[in-house]
Amino acid sequence: ELSASSAAAARARIARFGADCPTWRVYQALQRMSGPRMLVDKTPANASHVSFMRRARETFEHARYIHLIRHPYACISSGLQMFRDFLDVSETTWAMVEQSWVDTNRACDEFMAELR
């Protein structure tokens, strides 16, 4: 969306970063591409690791954080569907996705407490 390019062009741009490119460098490039607009990362997997959020805080000095909490039932249900239907991980259970929801929200709580 930032460059109004095709999926093939976007894949080529990502490939140019190279396999050893650190994640922060990709985010830095995305921030430059977004210009005056705010870059928003809403990737749930990134919120499941306090270390990732700490690195983001170190990398982006003016970052703002919003901890949105979805109702557990809706979140777990969609997570289960994603693992089974899109990622083809049929052995995923409700309990596994529920634990992931709990762990992610605990990590966010811990990180947000550090910001106060």
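Above: the structure in question.
Residues numbered from 1 in each chain as written. Predicted model: local features only at pLDDT ≥ 70, side-chain atom pairs only at ≥ 80, totals over all residues. Heavy atoms only, no water.

*Asks:* Mind laying out the side chain of serine 34, listing which residues take part and the relevant values?
*Replies:* Its place among the elements puts serine 34 in helix H2 (residues 23–34). A distance of 2.8 Å separates a polar atom in the side chain of serine 34 from the backbone oxygen of glutamine 31. Every residue in contact with serine 34, bar those within four places of it in the chain, is listed here: Leu2 and Leu39. (Helix = DSSP H or I, 4+ residues; strand = E, 2+ residues; numbered from the N terminus. Polar contact = N/O pair within 3.5 Å; in protein donor to acceptor, adjacent residues only side chain to side chain. Contact = heavy atoms within 4.5 Å.)

*Asks:* Before we move on, can you summarise the nonpolar core with the specific residues and values?
*Replies:* In this structure, Ala47, Val50, Met53, Ala107, Cys108 and Phe111 together form the largest nonpolar core, which totals six residues. Taken together, the elements giving at least two residues each to this core come down to helix H4 (50–59) and helix H6 (94–115). Here the element with the most residues in this core is H6; it accounts for three residues. Apart from residues no more than four positions distant in its own chain, alanine 107 is found in contact with Ala47, Ser48, His49, Val50 and Met53. (Core = buried A, V, L, I, M, F, W, Y, C linked by side-chain atoms within 4.5 Å. Buried < 20%, exposed > 50% of the residue type's maximum accessible area, 1.4 Å probe, protein only.)

*Asks:* Quick one: what's the story with a nonpolar patch on the surface, residue by residue and with numbers?
*Replies:* Residues Met82, Phe83, Phe86 and Leu87 make up a contiguous nonpolar surface patch of roughly 410 Å² in combined accessible area. In this fold, methionine 82 is placed in helix H5 (residues 72–86). (Patch = residues over 30% accessible without salt bridge, like charges linked within 9 Å, V, L, I, M, F, W, Y side chains within 5 Å. Areas by Shrake-Rupley, 256 points an atom, 1.4 Å probe, with all protein chains shown as cover. Salt bridge = Lys/Arg side-chain N within 4 Å of Asp/Glu carboxyl O.)

*Asks:* Give me the lowdown on unusual backbone geometry, citing residues and values where you can.
*Replies:* The backbone of aspartate 88 shows a phi angle near 55°, a positive value even though the residue is not glycine. In this structure, aspartate 88 sits in the loop between H5 and H6. For aspartate 88, a relative accessible area of 64% puts it in the exposed group.

*Asks:* Any chance you could break down the environment of tryptophan 101 for me, citing the residues and the numbers?
*Replies:* As for its position among the elements, tryptophan 101 is in helix H6. Between the C-alpha atoms of tryptophan 101 and glycine 79, which are 22 residues apart in sequence, the distance is 9.1 Å. Apart from residues lying up to four places away in sequence, tryptophan 101 is in contact with Ile69, Arg70, Pro72, Cys75 and Ile76.

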